[in-house]
Amino acid sequence: MTDRPRRGWTVWTEEIPASVILDMPPDLSKMVLNFLHALGIEVGTAVDANRKPPGDPMDDLDIRYSLEVPEESVIIEYAVIREERQIRISALVWFH
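Residues numbered from 1 in each chain as written. Predicted model: local features only at pLDDT ≥ 70, side-chain atom pairs only at ≥ 80, totals over all residues. Heavy atoms only, no water.

J.: Looking at this structure, I do not really get the sheet that holds strand β3 (residues 64-68). What am I missing?
T.: One key point about sheets: their strands pair by backbone hydrogen bonds, in either a parallel or an antiparallel sense. Ordered in space as β1-β5-β4-β3-β2, the 5 strands form an open sheet in which the pairing is mixed. At either end of the open sheet lies a strand with only one pairing partner, and these are β1 (10-13) and β2 (56-57). Pairing analysis gives 5 bridges linking β3 to strand β4 (residues 74-81), with the strands arranged antiparallel. The residue bridging Tyr65 from the neighbouring strand is Tyr78, located in β4. Each of β1, β3, β4 and β5 (86-94) is contacted by helix α2 (residues 26-48), which is oriented at about 35° to β4, the strand it contacts most. (Pairing = 2+ DSSP bridges. Helix = DSSP H or I, 4+ residues; strand = E, 2+ residues; numbered from the N terminus. Contact = heavy atoms within 4.5 Å. Axes fitted to C-alpha atoms, helices over the stretch in contact; angles between N-to-C directions.)

J.: Whenever I open this one, helix α1 (residues 15-23) confuses me. Can you help?
T.: Because each turn of an α-helix spans 3.6 residues, side chains separated by three or four positions in sequence point in the same direction. Turning to α1, its buried residues number three or more, namely Pro17, Val20 and Ile21. The buried residues of α1 occupy one face: seen down the axis, they fall within an arc of 100°. In α1, the exposed residues that point more than 90 degrees away from the buried face are Glu15, Ile16, Leu22 and Asp23. Packing partners of the buried residues in α1 comprise β1, α2 and β5. (Buried < 20%, exposed > 50% of the residue type's maximum accessible area, 1.4 Å probe, protein only. Arc of directions from axis to C-beta.)

J.: Please clarify how the pattern of salt bridges should be interpreted in this entry.
T.: Pairing is possible between side chains that carry opposite charge, provided their charged atoms lie close to one another. This structure, assessed with the given rule, holds 2 salt bridges. A salt bridge links Asp48 to Arg85; the shortest N-O distance between them is 3.0 Å. In this pair, Asp48 sits in helix α2 while Arg85 sits in the loop between β4 and β5, placing the two residues 37 residues apart along the sequence. The residue Arg88 makes a salt bridge to Glu84 at a minimum N-O spacing of 2.7 Å. In this structure Glu84 comes out as partly exposed when scored by relative accessible area, which is 34%. (Salt bridge = Lys/Arg side-chain N within 4 Å of Asp/Glu carboxyl O.)

That's the geometry; what it means functionally is another story.
Okay, here's the thing in structure tokens:
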């Protein structure tokens, strides 16, 4: 029996954060989407290596984190769902 390769990590966005992204100017929206893509890679890599994901912990269970998009007025809150290999964006705040 061969071991199946582990699938990569995915980023899933709740409805309200997704609507915030859609309301942004196109350049900012594209930048935030690229940031979320990179965040998914960085979080997945950190968790797979048993390291702390980026951002500030919001609980004692190492599940919820918050971070600011550098040089932008955007704050993201996300949850690490290890068993599903998924990052869920639960809140995205854009100060404009």
